[in-house]
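Spelled out from the first residue to the last, the chains are:
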Amino acid sequence: MKNDKAKKVTSREYMMKLIYQSDVTKEEMETMLDGFLNNNLEYIVNRYEELRLQYSNNPELELGNLDIEDVVDKTYMIKACNLLKENNDKINELINKYAKNWTIERMPKVDLAILKLSICEILFMEEIPNKVSINEAVEIAKVYCDDKTPKFINGILGSVVNELSGK
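Residues numbered from 1 in each chain as written. Predicted model: local features only at pLDDT ≥ 70, side-chain atom pairs only at ≥ 80, totals over all residues. Heavy atoms only, no water.

Colleague: So, the overall build of the chain: which residues are in play, and what are the values?
Modeller: Check the secondary structure of the chain and you find nine helices and zero strands. Listing each helix as α and each strand as β along the chain from the N terminus yields α-α-α-α-α-α-α-α-α. Rg of the C-alpha trace for the chain: 16 Å, near the compact-globule value of 15 Å for 167 residues, within the 12% margin. Projected onto its principal axes, the C-alpha positions of the chain cover 45 × 35 × 30 Å. Counting only residues that meet the buried cut, the chain has 46% of its 167 residues in that class. Taking all contacts inside the chain whose residues are at least 6 apart in sequence as the whole, residues at least 24 apart take part in 72%. With an accessible surface of roughly 9600 Å², the chain has 48% of that area assigned to carbon and sulfur atoms. Counting 23 positive and 29 negative side-chain charges, the chain places the centres of these two groups 7 Å from one another. (Helix = DSSP H or I, 4+ residues; strand = E, 2+ residues; numbered from the N terminus. Rg over C-alpha atoms; globule rule 2.2 N^0.38 Å. Buried < 20%, exposed > 50% of the residue type's maximum accessible area, 1.4 Å probe, protein only. Contact = heavy atoms within 4.5 Å. Areas by Shrake-Rupley, 256 points an atom, 1.4 Å probe, with all protein chains shown as cover. Lys, Arg positive; Asp, Glu negative; His and termini not counted. Charge placed at Lys NZ, Arg CZ, Asp CG, Glu CD.)

Colleague: Describe the packing of helix H1 (residues 5–25) against helix H7 (residues 109–124), naming the residues involved and giving the relevant values.
Modeller: Contact geometry for H1 and H7: axes closest at 9 Å, N-to-C directions at 120°. With respect to H7, the element H1 is oriented oblique. Between H1 and H7 lies a crossing of right-handed hand. Facing H1, whose interface residues are Arg12, Met15, Met16, Ile19, Tyr20, Asp23 and Val24, H7 presents Lys109, Val110, Leu112, Ala113, Ile114, Lys116, Leu117 and Glu121. Here the residues of the contact of H1 with H7 sort into ten nonpolar, no polar and five charged. (Axes fitted to C-alpha atoms, helices over the stretch in contact; angles between N-to-C directions. Parallel < 35°, antiparallel > 145°, perpendicular 65-115°, else oblique. Left-handed = near helix turned anticlockwise from the far one by under 90°. Nonpolar A, V, L, I, M, F, W, Y, C, P; charged D, E, K, R; others polar.)

Colleague: Can you tell me about helix H5 (residues 74–86), naming the residues and giving the values?
Modeller: The end-to-end C-alpha distance of H5, which contains 13 residues, comes to 18 Å, matching closely the 18 Å that a straight helix rising 1.5 Å per residue would cover. Buried within H5 we find Tyr76, Met77, Ala80, Cys81, Leu83 and Leu84. For H5, the N-terminal capping position is held by Asp73, with its side-chain oxygen 3.2 Å away from the main-chain nitrogen of Thr75. (Expected span 1.5 Å × (residues − 1). Polar contact = N/O pair within 3.5 Å; in protein donor to acceptor, adjacent residues only side chain to side chain.)

Colleague: Give a description of the nonpolar core that names residues and reports values.
Modeller: Among the nonpolar cores identified, the biggest contains 54 residues, and Met15 and Ile95 are the most heavily contacted of them. At nine residues, H7 tops the list of elements feeding residues into this core. Excluding residues that lie within four positions of it along the chain, Ile95 makes contacts with Ile104, Met107, Leu112, Leu115, Lys116 and Ile119. (Core = buried A, V, L, I, M, F, W, Y, C linked by side-chain atoms within 4.5 Å.)

Colleague: Requested: an account of the pattern of salt bridges, with residues and values cited.
Modeller: Enumeration according to the criterion identifies 13 salt bridges in this entry. A salt bridge links Asp23 to Lys109, with the shortest nitrogen-to-oxygen separation between them at 3.6 Å. One end of the pair, Asp23, is in helix H1; the other, Lys109, is in helix H7, and 86 residues separate them in sequence. For the salt bridge of Lys74 with Asp34, the shortest nitrogen-to-oxygen distance reads 2.6 Å. Remark: Asp34 occurs in helix H2 (residues 29–39) and Lys74 occurs in helix H5; sequence separation between them is 40 residues. (Salt bridge = Lys/Arg side-chain N within 4 Å of Asp/Glu carboxyl O.)

If you want it as structure tokens, here you go:
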């Protein structure tokens with residue numbers, strides 16, 4: 001199950017939701033993670049099943065009994081929590097630098113959570129190609145944000161990648 005796109009997307013979406021929740025409650029993400037996953041297990045499994053069916057060409061796909069380890073990549077989520085905590089200032093600085101006419105304080109919290117996660121992936125998770133991080137951020141924005149957000153997020157992330165590559 002190495003290339004389980006549904007698991008990757010579910011992990012990313014719920015990581016974004018954890019960032020959002022942490023931002024609202026001011027609790028540390030890594031201390032919230034297990035409780036967050038357990039409290040949302042039913043929703044997480046449902047989302048995973050929905051995505052598995054969406055990405056599969058098999059309408060008879062048998063999903064069976066799934067637990068949290070089957071539907072999210074907890075290693076990825078723990079790594080993201082740690083990287084976000086260690087590099088929060090640098091990530092916020094990049095968002096403020098490229099979010100024209102916006103500050104992270106005024107930005108919608110869901111948009112901010114998507115940006116933080118994607119910039120964290122771009123800067124510190126070399127196993128994830130930048131293009132994938134950007135595309136996934138835009139896809140999440142299409143699901144969870146208003147119509148203008150995907151373009152806004154794509155623009156900021158494109159600027160971050162250009163800065164990193166020295167353009």
